[in-house]
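The chain contents come next:
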Amino acid sequence: MVNDTASDANYLFSLGALSRMLHAHHKLAPIIIIDEYDTPIQEGYINSYYQQVVEFIRILFFSALKDNPHVTLAVLTGILRIAKESIFSGLNNIRGRLYNQLEQKIK
């Protein structure tokens, strides 16, 4: 990733590698927070590279989040609804929450 020399595999497995390094260094599995995960998907749809971005994100999330002992919790925010057949289909324990549901719990 330095000097634009990274391969596709470097990018695809970067979150998994980063979580492993953080866990090793701090002796505590990190929490991964990804804000607006769906923005690249929307841009891909608008600009005709939807399939490529969906496949990339599916592999990125699967490699970083599926059975990764180096992650305590992952939180993703976005405006697109989570569908079981979506980029999250390979992941376990997905819990979708709508903002108004969370807002009601806080009150």
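It should be noted that the structure appears before, not after, this text.
Definitions and limits used
- Residues numbered from 1 in each chain as written.
- Predicted model: local features only at pLDDT ≥ 70, side-chain atom pairs only at ≥ 80, totals over all residues.
- Heavy atoms only, no water.
- Buried < 20%, exposed > 50% of the residue type's maximum accessible area, 1.4 Å probe, protein only.
- Helix = DSSP H or I, 4+ residues; strand = E, 2+ residues; numbered from the N terminus.
- Pairing = 2+ DSSP bridges.
- Contact = heavy atoms within 4.5 Å.
- Patch = residues over 30% accessible without salt bridge, like charges linked within 9 Å, V, L, I, M, F, W, Y side chains within 5 Å.
- Areas by Shrake-Rupley, 256 points an atom, 1.4 Å probe, with all protein chains shown as cover.
- Salt bridge = Lys/Arg side-chain N within 4 Å of Asp/Glu carboxyl O.

Novice: What am I meant to see in the pairing of strand β1 (residues 31-34) here?
Specialist: On any regular strand, side chains alternate: one points to one face of the sheet, the next to the other face. Burial along β1 is one-sided: Ile32 and Ile34 are buried, while Ile31 and Ile33, pointing the other way, are not. Bridge count between β1 and strand β2 (residues 73-76): 4 bridges; the pairing is parallel. When the sheet's bridge partners are listed, isoleucine 32 is paired in β2 with alanine 74.

Novice: Can you help me understand the side chain of aspartate 38 in this one?
Specialist: Following the sequence through the fold, aspartate 38 ends up in the loop between β1 and α3 (39-46). Non-local contacts of aspartate 38, meaning those with residues more than four positions away in its chain, are made with Thr77, Gly78, Ile79 and Leu80.

Novice: Could you clarify how one ought to interpret a nonpolar patch on the surface in this entry?
Specialist: A contiguous nonpolar patch, built from Ile31, Ile33, Leu73 and Val75 and spanning about 370 Å² of accessible area, is present on the exposed surface. For the nonpolar patch, the secondary-structure elements that each account for two or more residues are β1 and β2. Summarising the element assignment, isoleucine 31 is placed in strand β1.

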